[in-house]
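What follows is the residue order along each chain.
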Protein chains: 2
Amino acid sequence: MANDSTDRIVDELRRWIAVSPPGARVPSNRELTARHGASPVTVQKAMRALTSLGLVESRPGVGTFVRAARTPRPVDYGWQTAALGAPPSRLTALPSAQRTPSPDAIALHTGYPDRELLPERLVRAAIARAARTDAATTRSPVAGLPDLQAWFASELADAAPAGITPPSARDVLILAGSQSGLSSIFRALVGPGQPLLIESPTYWGAILAAAQANVTLVPVASGVDGPDLEDVERAFELTGARAFYVQPTYANPTGAQWTVQRGRDVLEIARRHGAYLVEDDWAHDLSIDTQPTPIAAHDDDGHVIYLRSLTKSVSPALRVAAATARGPARDRILADRAAESMYVSGLLQAAALDVVTQPAWRTHLRTVKPLLRARRDLLIASLRDHAPAAHLDLIPAGGLNLWLRLPDGTDVERLVRACESRGVIVADGTEWFPAEASAPHIRVNYSGPSPDRYPEAARVIGEEVERAR
Amino acid sequence: MANDSTDRIVDELRRWIAVSPPGARVPSNRELTARHGASPVTVQKAMRALTSLGLVESRPGVGTFVRAARTPRPVDYGWQTAALGAPPSRLTALPSAQRTPSPDAIALHTGYPDRELLPERLVRAAIARAARTDAATTRSPVAGLPDLQAWFASELADAAPAGITPPSARDVLILAGSQSGLSSIFRALVGPGQPLLIESPTYWGAILAAAQANVTLVPVASGVDGPDLEDVERAFELTGARAFYVQPTYANPTGAQWTVQRGRDVLEIARRHGAYLVEDDWAHDLSIDTQPTPIAAHDDDGHVIYLRSLTKSVSPALRVAAATARGPARDRILADRAAESMYVSGLLQAAALDVVTQPAWRTHLRTVKPLLRARRDLLIASLRDHAPAAHLDLIPAGGLNLWLRLPDGTDVERLVRACESRGVIVADGTEWFPAEASAPHIRVNYSGPSPDRYPEAARVIGEEVERAR
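Every value quoted in this text rests on a predicted model; they were computed, and no experiment measured them.

**Looking at the overall build of chain A**
Okay, so step 1: Broken down by element type, chain A carries 15 helices and 16 strands.
Okay, so step 2: In terms of overall size, chain A behaves like a compact globule, its C-alpha atoms giving a radius of gyration of 25 Å where 469 residues would be expected to give roughly 23 Å.
Okay, so step 3: When the 469 residues of chain A are sorted by exposure, 61% land in the buried category.
Okay, so step 4: Taking the intrachain contacts of chain A between residues at least 6 apart in sequence as the baseline, contacts between residues at least 24 apart amount to 75%.
Okay, so step 5: Summed over its atoms, the accessible surface of chain A is roughly 18,000 Å², and 53% of this surface lies on carbon and sulfur atoms.
Okay, so step 6: Across chain A, the centroid of the 51 positively charged side chains sits 8 Å from that of the 52 negatively charged ones.

**Concerning unusual backbone geometry**
Okay, so step 1: In the segment running from serine 200 of chain B into proline 201 of chain B, the intervening peptide bond is cis, with an omega of 0°.
Okay, so step 2: Position of proline 201 of chain B among the secondary structure elements: in the loop between strand 5 (195-200) and helix 8 (204-212).
Okay, so step 3: Put simply, asparagine 252 of chain B and proline 253 of chain B share a cis peptide bond, and its omega is 20°.
Okay, so step 4: With respect to the secondary-structure elements, proline 253 of chain B resides in the loop between strand 8 (243-246) and helix 10 (260-272).
Okay, so step 5: Phi is positive for tyrosine 250 of chain A, which is not a glycine, with a value near 50°.
Okay, so step 6: A positive phi angle is found at serine 450 of chain B, which is not glycine, with a value near 60°.
Okay, so step 7: Counting through the fold element by element, serine 450 of chain B comes out in the loop between strand 16 (441-445) and helix 15 (454-468).

**Things to note about the pairing of strand 10 (residues 304-309) of chain B**
Residues and elements named next belong to chain B.
Okay, so step 1: With six of its six residues buried, strand 10 lies for the most part within the structure.
Okay, so step 2: Neither face of strand 10 is open: one carries Val304, Tyr306 and Arg308, the other Ile305, Leu307 and Ser309, and all of them are buried.
Okay, so step 3: In this sheet, strand 10 lies alongside strand 9 (residues 276-280) in parallel orientation, the contact comprising four bridges. Within strand 10, the position partnered with aspartate 280 by the bridge is leucine 307.
Okay, so step 4: Note: strand 10 against strand 11 (residues 321-324), four bridges, orientation antiparallel.

**A closer look at the pairing of strand 4 (residues 172-175) of chain B**
All names here are of chain B.
Okay, so step 1: Going residue by residue along strand 4, you find Val172 and Ile174 tucked away on one face and Leu173 and Leu175 tucked away on the opposite face as well.
Okay, so step 2: Note: strand 4 against strand 11, four bridges, orientation antiparallel. Within the sheet, the bridge partner assigned to leucine 175 lies in strand 11 and is alanine 321.

Criteria and cut-off values
- Residues numbered from 1 in each chain as written.
- Chains lettered and ligands numbered in written order.
- Predicted model: local features only at pLDDT ≥ 70, side-chain atom pairs only at ≥ 80, totals over all residues.
- Heavy atoms only, no water.
- Helix = DSSP H or I, 4+ residues; strand = E, 2+ residues; numbered from the N terminus.
- Rg over C-alpha atoms; globule rule 2.2 N^0.38 Å.
- Buried < 20%, exposed > 50% of the residue type's maximum accessible area, 1.4 Å probe, protein only.
- Contact = heavy atoms within 4.5 Å.
- Areas by Shrake-Rupley, 256 points an atom, 1.4 Å probe, with all protein chains shown as cover.
- Lys, Arg positive; Asp, Glu negative; His and termini not counted.
- Charge placed at Lys NZ, Arg CZ, Asp CG, Glu CD.
- Pairing = 2+ DSSP bridges.

Here's what the structure looks like:
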């Protein structure tokens, strides 16, 4: 990396500045050049970085000095209490999956894949190529770059059986990540106070987006086979809901993969009730043992709103996803996106399209499968050996995580804190429930760094599970 | 650009495919290589692109063929009418500023700067550098990259007079464009049904974001000096509003720049009413004749929520902005952003920070000033010569547009359509009014391509203004 030595100098000087009085003279560029064995250009870059961060100031002809920190006076924000009132919904703390742990912890909580699982070379090359095109300096259309829309549409069309009219490129709306899609779909198609059926447990991000949109959640129990058809039928009947949010493929957190028949049956129920099925196909590229087919591929008349993200399979930095929706639903979602964010960076779109249209992308997906399988199986074996009381209902055929049932009465919050204090970060399963948790669970991911430390992590989890019973 | 010849081959074949029957044989790679004088690698890349777009399919050993288009059957989306109900707000058509005109039209409607006004080389180099760092493969923290937060904070701190406690880096929340900030601020700090004071006329994007958040707009007339203080006082008193959305610097559309005193007076009124001032400093980098100081620099206790975007000055593709907010307001906005989009691509953040911390960035800003001035003055002179009935109240000291008052009774919609049919795209001023327009206006921008065609455009506008009286 080009900037390594600059970064090193900046880091060292920041540490030095933190303990130096304002006005202290910073070592001269010549001294720094000598001390770090770096070129004058590198040292100058470091000094510019520190200046623009407001940490030092240079007096021409005199030298560079630690900037006098303004004395921060405590400010009274009490007036805001009346201005804001009580919060309307439970949009408060960050879910545990979003926390950044200390660098030496074993991170089993994060849903973002480790570098070895990403097509790193492809991504870097695609960004560098996009930097040379118009995508670096122009605005994207609101609905997205037409070729990327076409790519998402052709992927669904390829999965559609004969006789089904697949969505067109125009039906595809490009998003800056699928979380934005959830927010817009819940706002535009459900609306405040209206009922939304949702699996329980399910993705905490969907629960969060629903809270933001002020929709009323109607939980439908869902296990390793997906939801019970009678439960779904009854929930639609009782509430008059017009939408059901589902993850039929490697559901987060349970890992459930619905059978094709189950998918068709649920679609048929939604159809009879004049309702949308919001299919979140978050792990489409993360299959291990099976070949997933989206329910959307069987949809003929716009009942399925299909969410498909590249964030986890291409790169968390190329934050690109798509919502495919037909008819008036498409127009409502597009209008909401325009009001919310106007458009998605065309640079990210161009780079993502470049990655997924390279032949090496298919090769990468094939290479990742055995890596994911090995990680999953190692974590399962480690837990079996060291944490036998943490029960796994289902070995997931894809996705990135295991959903562990703990003994009845386990204090999950205490368990999570205890593991964290011993350097093992796991996620509290409670966050995946739209209402109370039906039983104590934790979620552990096999996509983070250092899979070689899984046995060590499992030992800690096992000991703390015993202690928390 | 590396992909030019690939793109050319793809384009030509797409045109050919569009008029060819399904199953038609695509010329062989050898023929294409010869015909285009291109390398086999280039031709193979083109064929891969067409395959991944679903336009052709290859049968190994036989050849490549135009893919049988599925027969699109018209689908009945009537069931969605009941599912969706009537739309809750006026989030419908796209505002005229977002439309993409035909390539030979003179585009005076768009708010995005032409390439010559952007630091193109800096942007491309910054993206290429970011592609080699961790920013290309990792997730950003929810609030943004700490160094970019620090840069935005130091910019405000530098403008703050002595004795004022400036916001810290933690108070800065990085956004994917300021539109997202408007949405979150209106949702998180005002809320559905609650009053929001807003200048009239003002930025249509703010009106759109307010409609999405279902807040109740309270228009306050605002002219070339900003709003009248008594009007502001009265509006706060009558409605009990807790927020006022303002553009004190080169307001869009009027070009108004408030005096420092006016800014302090309005801040004082907001303070007395326990309310937020949402300061949208959209044109901070686009000054021509004056040196703007944000009201936020004078704010000591979190009354100003400060929005600052790099989209228009760095690149529309590096969609990065910041909302600076203190106290509980910051937490509310952050929680809304987390629910809405989780995080902003770190790649865009790293590249934007790289651009604005280069010494060449300052040079670029100095270079752009005379270009903007020349464009502005040429457009003003052209309109004075050819469209004397279109009256300009104020020569804006910065920003990208002119706000033209038309003769009473002008049918603006008809005028805009008539200009468009003659290849000149102007924006209908009606979209900038939160309620009815107080008078007929159009907005014309001097930031688009081909400033040499301003006289031609002004002639068309002048003729059509006469015709529409």
